[in-house]
Amino acid sequence: MKRGLNILHFCLYLIEKKIHFLFNKINPALLLYRIPAVKMRMKTKYGIDNTKEYLDDFWTNQKNGLSLNYIGGWLVGLIFIMIISLTIILMKNSDLILPKYLFIAFGIIAYLICYFAVFKNDTYLKYFKEFDTWSITKKRVNVLISIGFILFVIFLFFSSLLWF
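Below or above, wherever it landed, is the structure these notes cover. Predicted, not measured: the structure shown is a model, and the values here were computed from it. (Residues numbered from 1 in each chain as written. Predicted model: local features only at pLDDT ≥ 70, side-chain atom pairs only at ≥ 80, totals over all residues. Heavy atoms only, no water.)

**Focus: a nonpolar patch on the surface**
Among the surface-exposed residues, Leu144, Ile147, Leu151, Ile154, Phe158 and Leu161 lie close enough to one another that they form a single nonpolar patch of about 580 Å² accessible area. With respect to the helices and strands, the residue Ile154 is situated in helix α7 (residues 136-163). (Patch = residues over 30% accessible without salt bridge, like charges linked within 9 Å, V, L, I, M, F, W, Y side chains within 5 Å. Areas by Shrake-Rupley, 256 points an atom, 1.4 Å probe, with all protein chains shown as cover. Salt bridge = Lys/Arg side-chain N within 4 Å of Asp/Glu carboxyl O. Helix = DSSP H or I, 4+ residues; strand = E, 2+ residues; numbered from the N terminus.)

Here's what the structure looks like:
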């Protein structure tokens, strides 16, 4: 389970990184950094020579990039939705109504699963180093499997609502 969550985390990182670079091609805000006065201010005030490289590193850094926060949220959210869906499916025959505090408990459980399997002591960095050596074909296959898993979780959620 730990390896599977780290593979999913890595594939979500690859997807986020690809989306970031694609968005950079159409992002009009990056044109501001080509203005000489803005370049000069970034260099003198912040010591940044190339703002595009700085922003790319700020966003996609594997150690503490901003995209890792979003990806971590997606990972916790996927686990949370999967736990809720499975609970609803397992309780479909009972007339028991799920109390609100149970959803909070499931959220905490999902976070703890992700914390101990992926985030604790930056465990994901060890796996990222291992997964970076994959061939492009293997990365693509795992990204497609991860997208399939995400679609499965979404399908599971909506089907559990229909069964409820």
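Don't stop here, the text continues.
**Observations regarding the packing of helix α1 (residues 2-26) against helix α6 (residues 123-132)**
Put simply, α1 and α6 touch, their axes get as near as 10 Å, and they point 70° apart. Here α1 is positioned roughly perpendicular relative to α6, judged by the angle of their axes. In contact with Lys2, Arg3, Asn6, Ile7, His9, Phe10 and Tyr13 of α1, α6 contributes Thr123, Tyr124, Tyr127, Phe128, Glu130, Phe131 and Asp132. Classifying every residue of the contact of α1 with α6 by side-chain character gives seven nonpolar, three polar and four charged. (Axes fitted to C-alpha atoms, helices over the stretch in contact; angles between N-to-C directions. Parallel < 35°, antiparallel > 145°, perpendicular 65-115°, else oblique. Contact = heavy atoms within 4.5 Å. Nonpolar A, V, L, I, M, F, W, Y, C, P; charged D, E, K, R; others polar.)

**Here's the deal with the side chain of Asp56**
Mapped onto the secondary structure, Asp56 falls in helix α3 (residues 51-60). Classification of Asp56 as buried rests on a relative accessible area of 11%. When residues no more than four places from it in sequence are discounted, the contact partners of Asp56 are His20, Phe21, Asn24 and Asn61. (Buried < 20%, exposed > 50% of the residue type's maximum accessible area, 1.4 Å probe, protein only.)

It is worth stressing that arrangement in space is one thing and function is another; only the former is reported here.
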